[in-house]
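A look at the structure
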Amino acid sequence: DSGVTQTPKHLITATGQRVTLRCSPRSGDLSVYWYQQSLDQGLQFLIQYYNGEERAKGNILERFSAQQFPDLHSELNLSSLELGDSALYFCASSPPELRGHNEQFFGPGTRLTVL
Amino acid sequence: ILNVEQSPQSLHVQEGDSTNFTCSFPSSNFYALHWYRWETAKSPEALFVMTLNGDEKKKGRISATLNTKEGYSYLYIKGSQPEDSATYLCAFRPWEDNDMRFGAGTRLTVKP
């Protein structure tokens with residue numbers, strides 16, 4: 001158990017819908033990262049937040065957005081869902097010291113299925 | 001486009017064999033190189049974060065080296081055990097606040 005929690009564990013929804021994935025980082029960690037892992041692709045970095053501020057952006061679609069709240073939990077919002085958005089979404093957190101040189105601790109993931 | 005490449009894609013070894021994999025990344029900008037171990041149905045687990053050219057890190061039977069000038073890192077497993085069976089991912093970070101670029105991984109299977 002890494003100490004990072006993600007909810008829900010599984011989510012099944014229909015095309016065109018909107019969902020919110022939630023992540024709580026390890027106690028004391030300020031950075032939160034979101035990743036997507038599709039069947040036909042490797043692990044893709046989506047976005048990073050550090051203490052409430054967006055810090056780095058990767059291959060995140062405009063239909064997707066994220067935020068990190070004052071209590072440091074983060075939410076990833078996926079809208080106008082398409083079949084191709086079906087994937088495993090991971091959240092990871094890392095401690096504040098040494099910034100990007102820290103290892104990341106991954107949550108268990110949320111499996112999203114779009115029908 | 002993945003500009004982080006890992007080889008081989010998969011590897012089957014016998015218990016007790018030593019093995020190694022390669023992670024290649026662009027050498028123009030370098031901030032950090034991460035190695036992760038990812039078992040099926042679990043989450044990726046950090047093995048090493050490497051930041052300096054010439055870095056060598058070790059955790060039990062697993063070790064890694066880093067050459068930032070030529071853009072590669074090697075991961076070594078000594079005396080492989082069945083529980084080492086997993087996918088080993090490397091991730092390259094070119095700048096401090098920049099994306100993490102993952103390779104496709106090397107899938108290791110250790111046969112008893």
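In this report, we go over the structure that sits alongside the text. (Residues numbered from 1 in each chain as written. Chains lettered and ligands numbered in written order. Predicted model: local features only at pLDDT ≥ 70, side-chain atom pairs only at ≥ 80, totals over all residues. Heavy atoms only, no water.)

**Here's the deal with the side chain of N77 of chain A**
All names here are of chain A. Convention followed: Secondary structure elements are defined from DSSP: runs of H or I of at least 4 residues count as helices, runs of E of at least 2 residues count as strands, and each element is numbered from the N terminus. Only protein chains enter the calculation, and the probe is 1.4 Å; a residue is then buried if its accessible area is under 20% of its type maximum, exposed if over 50%, and partly exposed in between. Pairs of N or O atoms are called polar contacts if they sit within 3.5 Å, as long as, within protein, a hydrogen donor faces a hydrogen acceptor (for residues adjacent in sequence, only side-chain-to-side-chain pairs). Between two residues, a contact is recorded if the distance between any of their heavy atoms is within 4.5 Å.
Looking at the element boundaries, N77 is found in strand β8 (residues 74–78). We classify N77 as buried; its relative accessible area is 7%. In terms of polar contacts, N77 uses its side chain to reach the side chain of T20, at 2.8 Å. What N77 contacts, discounting residues up to four positions off in sequence, is R18, V19, T20, R63, F64, S65 and Q67.

**Some details on the interface of chain A and chain B**
Rule in force here: Buried area is a sum: the accessible area each of two parts loses on coming together, probed at 1.4 Å, counted once for each and added. All residues other than Ala, Val, Leu, Ile, Met, Phe, Trp, Tyr, Cys, Pro, Asp, Glu, Lys and Arg, Gly among them, are scored as polar; the first ten of these are nonpolar and the last four charged.
Counting from both sides, the interface comprises 22 residues of chain A and, opposite them, 20 residues of chain B. Of the roughly 1700 Å² buried between chain A and chain B, counting both surfaces, carbon and sulfur atoms make up 58%. It is L43, H101 and F106 of chain A in chain A that bury the most area against chain B; as a group they hold 31% of the surface buried on that side. Run the count over chain A and chain B and you get 3 residue pairs in polar contact (both at pLDDT 80 or more). If you list the elements that add at least two residues to the side of chain A that touches chain B, you get β4 (31–37), β5 (43–50) and β6 (53–57) of chain A. For the side of chain A that touches chain B, the element with the highest residue contribution is β5 of chain A, accounting for 4 residues. Residues of the side of chain A that touches chain B, tallied by class, amount to 9 nonpolar, 9 polar and 4 charged.

**A look at the pairing of strand β2 (residues 10–13) of chain A**
Residue and element names in this part refer to chain A. Where we set the bar: Between any two strands, at least two bridges found by DSSP are needed for them to pair.
Of the two faces of β2, only the one carrying L11 and T13 is buried; H10 and I12 on the other face are not. Here β2 pairs with strand β11 (residues 110–114) via 4 bridges, running parallel. Paired with T13 across the two strands is V114, which belongs to β11.

**Here we look at the state of the cysteines**
Residue and element names in this part refer to chain A. Rule in force here: Any pair of cysteine sulfurs within 2.5 Å is marked as a disulfide.
By the definition in use, this model includes 2 disulfides over all chains. C23 shares a disulfide with C91; S-S distance 1.7 Å. One disulfide, between C23 and C91, carries an S-S torsion of -45° and so falls in the left-handed class. Separated by 68 residues along the polypeptide, C23 in strand β3 (residues 19–24) and C91 in strand β9 (residues 87–94) bring together distant segments of the chain. Residue classification places C91 among the buried residues on the basis of a relative accessible area of 0%.

**As for the environment of F106 of chain A**
Position of F106 of chain A among the secondary structure elements: in strand β10 (residues 105–106). Each C-alpha atom of the pair F106 of chain A and T20 of chain A lies 18 Å from the other, and the pair is 86 residues apart in sequence. Those residues in contact with F106 of chain A that sit more than four places away from it in its chain are S2, V4, Y35, L43, F90, C91 and A92 of chain A together with Y36, S43, P44 and F102 of chain B.

**A short note on the environment of C23 of chain B**
All names here are of chain B. When you line up the elements, C23 lands in strand β3 (residues 19–24). A relative accessible area of 0% means that C23 is categorised as buried. Considering only alpha carbons, one finds C23 and E56, 33 residues apart in sequence, at a separation of 14 Å. For C23, the contacting residues outside a window of four places in its chain are V4, E5, Q6, L33, W35, G71, Y72, S73 and C90.

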